[in-house]
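Okay, here's what each chain looks like letter by letter:
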Amino acid sequence: MTPSAPIVEAREVSKRFGALVAVDRLSFAVPPGEIFGLVGPDGAGKTTTMRMLAGVMRPDGGQIVADGVDVLAHPEQAKRHISYMPQRFGLYEDLTVDENIRFYADLFDVPRDVRETRAAAMLAASDMLPFRKRLAGQLSGGMKQKLGLTCALVHTPKVVLLDEPTTGVDPLSRREFWQILYGLRAEGVALVISTAYLDEAERCDRLALLHGGRMVHCDTPAGLKARMPGAMLEVVSPEPRRARDALAGQPGVRGVLLIGIGLHVHVDAAGRSAGIAAALAAAGVPVSEIAEVAPSIEDLFVALLDNAETPA
Amino acid sequence: MLGRILHLLIKEFLQLRRDKSARFRLLIPPIVQMVLFGYAATFEVFNVSTVILDQDRSQESRALEDAFLRSSRFALAAPARRVADVRDAVEASDAQLGIVIPAGFAELLRKGQTAPLQVLVDGTNSNSALIALGYVGQIAGDFGQTYAQNLAERTGRLQGKPIVSVEVAERYWYNPNLNSRWFFVPGVIGTLTLITIVNLTAFAIVREREVGTLEQILVTPIRPFEFIIGKTLPFFLIGLLEVSIVAGVGMAWFRVPFRGNPLVLLLGTCLFLFATLAIGLLISTICRTQQQAFSSNFFVLNPMFILSGFSFPIASMPPVLQWLTYVDPLRYYLVIIRATFLKGVGLEALWPQMLALAAIAAVLLAAAVLRFRKSLD
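Note that the structure is predicted; figures quoted are calculated from it, not measured.

Undergrad: Describe in detail the overall build of chain B, supporting the description with residues and values.
TA: Regarding its fold elements, chain B presents 14 helices and four strands. Since a compact globule built from 377 residues should have a radius of gyration of about 21 Å, the 28 Å found for chain B marks it as more spread out than a globular shape. The dimensions of chain B, computed from C-alpha atoms along their principal axes, are 95 × 45 × 40 Å. Buried positions account for 37% of the 377 residues belonging to chain B. Sequence separation of at least 24 residues holds for 78% of the intrachain contacts in chain B that already meet a minimum separation of 6.

Undergrad: How would you explain the pairing of strand S3 (residues 35–39) of chain A if you had to name every residue and give the values?
TA: All names here are of chain A. With five of its five residues buried, S3 lies for the most part within the structure. With burial as the criterion, each face of S3 is covered, one bearing Ile 35, Gly 37 and Val 39 and the other bearing Phe 36 and Leu 38. Pairing of S3 with strand S8 (residues 190–194) involves four bridges; the strand directions are parallel. From the neighbouring strand, Gly 37 faces S8, where its bridge partner is Ile 193. Alignment of S3 against strand S9 (residues 206–211), held across four bridges, turns out to be parallel.

Undergrad: Describe the packing of helix H10 (residues 262–286) of chain B against helix H13 (residues 329–343) of chain B, naming the residues involved and giving the relevant values.
TA: How two helices pack is summed up by the angle between their axes together with the distance between the axes. Residue and element names in this part refer to chain B. Following both chains from N to C, one finds H10 and H13 inclined at 165°, their axes separated by 10 Å at the closest point. Taken together, the axes of H10 and H13 are roughly antiparallel relative to one another. Judged by the twist between their axes, the crossing of H10 over H13 is left-handed. Within the contact between the two elements, H10 uses Val 264, Leu 265, Gly 268, Phe 272 and Ala 275 and H13 uses Pro 329, Tyr 333, Ile 336, Ile 337 and Thr 340. Across the contact of H10 with H13, the residue classes tally to eight nonpolar, two polar and no charged.

Undergrad: Tell me what's going on with the interface of chain A and chain B, and back it up with residues and numbers.
TA: In many reports, interface size means the accessible area that the parts give up when they come together. Contact residues are listed per partner, giving 24 residues for chain A and 22 residues for chain B. For the side of chain A that touches chain B, the secondary-structure elements that each account for two or more residues are helix H2 (75–79), strand S6 (82–85) and helix H3 (97–107) of chain A. The element that contributes the greatest number of residues to the side of chain A that touches chain B is H3(A), accounting for five residues. Here the side of chain A that touches chain B is built from residues that sort into 13 nonpolar, two polar and nine charged.

Cut-offs applied
Residues numbered from 1 in each chain as written. Chains lettered and ligands numbered in written order. Predicted model: local features only at pLDDT ≥ 70, side-chain atom pairs only at ≥ 80, totals over all residues. Helix = DSSP H or I, 4+ residues; strand = E, 2+ residues; numbered from the N terminus. Rg over C-alpha atoms; globule rule 2.2 N^0.38 Å. Buried ≥ 20, exposed ≤ 12 C-beta atoms within 10 Å, placed from the backbone. Contact = placed C-beta atoms within 7 Å. Pairing = 2+ DSSP bridges. Axes fitted to C-alpha atoms, helices over the stretch in contact; angles between N-to-C directions. Parallel < 35°, antiparallel > 145°, perpendicular 65-115°, else oblique. Left-handed = near helix turned anticlockwise from the far one by under 90°. Nonpolar A, V, L, I, M, F, W, Y, C, P; charged D, E, K, R; others polar.

Printed below as a string of structure tokens:
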């Protein structure tokens, strides 16, 4: 985290839809060269926040500043430096790859030579050069998303907003996608990304945990993990569901999460593993190993949200 | 600003060029419909299927039957021997009209008295039934008059007491032969334009909303009014082209005369297109999917058509509906287009319609732009 001046900033931003408060006095600031992640369950206000930052939805209160420009007062001016990439980028399927890029470049008044060099470089980086004359409708899902990213970045934005950009994208394309994002970060672009994939959240420089439109926590992934109360035990068992049932209501157990090889058990303090082992043995659940582990983002997520809902 | 509108225009025509079916939809259906309307939409009644039962079997009754059939308005559908045959034929829809010449018909005529004629009409289609009935009356009347005259001449009653009659000298202006095609063809131009342009505009914008390109465009520095202009201008141009093509077909194929000033029609067409574009835009702001747009268009366009005076006279509508017709842009455009085609009048006669169209277009456009801005949130 660099202490340089933020390039995109939300100040006390709120949005309500009728009686529902979608975003509640949300504030954060992202400096250049940072990947800022928004994570939270569905309905937490991630997409609403993104759309307000992009200037396509007016907040009911608060202020948004992008590159020194007030987005609400001068949306057209602010939009020059912003790029918005929704879950599904709006491509014209009856236009070719090149025509799509050209259209979006034209709307941003990108000069022709700049467009050519930038498009060529980006298409080359994402292995799309052979498909420039292909209709966008005939591309695969991953290629469409890469084309979307090219269209979204052709005007060299300073702020890039990505709303769950890799949902439904194959793992290989996802990796390429993140390579591009790291490249942007190195260029000093501020990136705001919302994601439902917690392994992706782990790649962000900082994370904001949203719940019910409010920011519950905001820190680096490591910092968030340090905030987690208690400890995490990994129970390796061939019968995780029986193990989960056996542990429900045991003293010190705050939460149980099924994982591939068994369970992650969130306990209130270190040194609970003996009690857990005894409880599982009493229930006759076979267990091969119990060990204290570092919590994953997913554990964290569940534990922190549980905490936020039931303040102790 | 102009640049961004131009880029949208280029994109729009690029898509149109690529979409073969769209080009087909723009050109062929209007021409086909024009031809269909030109031939099928007519108030005139020919070859009404008719059953005639002659119970008199006299020279006079056969002469009357002959007069009916010679007129080409009626075509003999089935023979009839009994009154029941006539009723059955009408009930089974074999015939729309049944005429019974009762026994004693000739005897009454020869005495110089009024002879009754029984006519049975299938009134399901009230319009053509009335028209057919009118022809029956006309032919029977002519027959009676001629017969009376002959009778008078033969019996020498004419000296002394001449038969008094009133003769109406009819002259139909603008359409001397009362060719209903002349009435319909200009109307079809307006109706087809309305349907095509409202549909095109609504679908084009709803499609952008549906596939997500609308939101993508709006995160660019484009202003909403630039988007609206860039998105509607192509359909304005297409609308002008369509009016020219359909009008050309009407004039070349159906020989409908064009007597007025083309510039007056152009002005009216532009105002009308503004109104239709605004309607399309309004529909697009309330619909999220193309399916919704389809049903909304149907809901809006059908009443506009019915209330326009295209075929149903506005003066015969109940007052409430007549008031409604005042907000129907098609109503004014039909007056303008029929007047420029058939009457050849100019702005001196059409300024009220032009003003009304301009006012409707202005209100609709303002509402469409405001609603469109709001619908983006």
